[in-house]
Amino acid sequence: MDALILFSHGSLLCGSGEALEAHAERLRQRGDFSRVEVGYLNYTEPSFAEAVARVAAAGATRVTVAPYFLVTGYFVTTSLPREIEKAQAAHPQLTFTVAEALGQDEALANALLESAAGARGPEAWRDGLKRAALRCRPDPRCPLYGTENCPKVPVAPAREEDEGVVAARA
Amino acid sequence: MPDALLVMVHGSPTAGANDAMFAVVDALKARPEVAARFPVVEVGFMECNDPPIPEAIDRCVAQGATRVVAVPYFLHTGTHVCDDLPTLLEEAQTRHPGVAFALGDYIGLSPRLTDLLAARAAAAAASP
């Protein structure tokens, strides 16, 4: 059975996986691979190791790893082989193949042009923050944590000494 | 009055890291319909590389653009896409009150990239 793992870096920001998870869902719909998982190097779940465990449990024998990276940099040339080495040790029955990074392709040019065609004015420029907050997983390291955009952790009340600083600056 | 296309890129300290992006932008500029729609195309960087985004915007305006359409060349949303890039456009709006600014989705949201991932995966899976 052939499985596909989309490999990405991961992020502290809530909702940062929205694009990649949408790609994974569309790839599942296409059905080119009998199993499609996303695996992250840092911060975001599931980890690459967890993604491998999932496809192994589903009975995969061949695993194609497609890096969701614009270029073949450190994470693709160095981090990914390390992750695959560990995964290979844990699941010796699997055969791994690594695809090229996105790099250069007409698809990127088309994406750019279509994005430009749908460009909007200032009222929509921060819609991404609202979408990110909708996928909140409260984590003090998230840039939205405890801000007005974080739906689960209230904004911390200003402390008196903070107000004193503000007054001193004013 | 001409529209400018501004490609907003993260930037990288690694030599050659932007080569593929520049090749994509060059391929875009070579399309006649794009040249007609966007007589001005500039690339601007958040970090590490020149020109910085504010300078790229000023270049668009210096070439006569009255509308600047900005597209984040980013795969993921994050603080840059959600907050930093809008801030740069707001600052540019203050510098250039007569210019209209628009911001598109970051390219990672495009289903075109799903097709590209599928193609990359298929090529690897077909390799011996």
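Treat the numbers as computed from the prediction; the structure is a model and nothing was measured. (Residues numbered from 1 in each chain as written. Chains lettered and ligands numbered in written order. Predicted model: local features only at pLDDT ≥ 70, side-chain atom pairs only at ≥ 80, totals over all residues. Heavy atoms only, no water.)

(A) Looking closely at the packing of aromatic side chains. In this structure the tally under the stated criterion is five aromatic pairs over all chains. Aromatic side chains Phe22(B) and Phe45(B) sit 6.1 Å apart centroid to centroid with 65 degrees between the ring planes, which places their arrangement in the edge-to-face category. You can see Phe22(B) sitting in helix 1 (residues 19–29) and its partner Phe45(B) sitting in strand 2 (residues 40–45), a full 23 residues away along the chain. Overall, the relative accessible area of 2% leaves Phe45(B) in the buried class. One aromatic cluster is present, formed by Phe7(A), Phe48(A), Phe69(A), Tyr74(A) and Phe75(A) through successive ring pairs. Directly above the ring of Phe38(B) sits Arg37(B), whose terminal nitrogen or CZ lies 4.3 Å from the centroid. (Phe/Tyr/Trp six-rings, centres within 6.5 Å; stacked < 30°, edge-to-face > 60°. Helix = DSSP H or I, 4+ residues; strand = E, 2+ residues; numbered from the N terminus. Buried < 20%, exposed > 50% of the residue type's maximum accessible area, 1.4 Å probe, protein only. Lys NZ or Arg CZ within 6 Å of the ring centre and 35° of its normal.)

(B) How the structure looks around the sheet that holds strand 2 of chain B. Residues and elements named next belong to chain B. Across the sheet, four strands lie side by side as 2-1-3-4; this open sheet has parallel pairing. Across the chains shown, the open sheet's two edge strands, defined by having one partner strand only, are strand 2 and strand 4 (100–103). Sheet twist, expressed as the average angle between the axes of neighbouring strands with direction ignored, equals 25 degrees. Direction of pairing for strand 3 (residues 67–72) relative to strand 4: parallel, over a ladder of four bridges. Looking at the pairing, Arg67 lines up with Ala100 of strand 4. The sheet strands contacting helix 3 (residues 53–62) are strand 1 (3–9), strand 2, strand 3 and strand 4, and the helix crosses strand 2 at an angle near 165 degrees. (Pairing = 2+ DSSP bridges. Axes fitted to C-alpha atoms, helices over the stretch in contact; angles between N-to-C directions. Contact = heavy atoms within 4.5 Å.)

(C) Quick look at the pattern of salt bridges. Evaluated as defined, the whole model comprises 22 salt bridges over all chains. Note that Arg31(B) and Glu106(A) form a salt bridge whose closest N and O atoms lie 2.6 Å from each other. Of the two residues, Arg31(B) is situated in the loop between helix 1 and helix 2 (32–37) and Glu106(A) in helix 4 (residues 106–117); the pairing between them involves two chains. Its relative accessible area of 44% is what places Glu106(A) among the partly exposed residues. With its nearest N and O atoms 2.4 Å apart, the salt bridge here joins Glu90(B) to Arg126(A). Pair noted here: Glu90(B) is in helix 4 (residues 79–95) and Arg126(A) is in the loop between helix 4 and helix 5 (127–134), and the two residues belong to different chains. Its relative accessible area of 33% is what places Glu90(B) among the partly exposed residues. When salt bridges that share partners are traced, they join Arg35(A), Glu37(A), Glu50(A) and Arg54(A) into one network. (Salt bridge = Lys/Arg side-chain N within 4 Å of Asp/Glu carboxyl O.)

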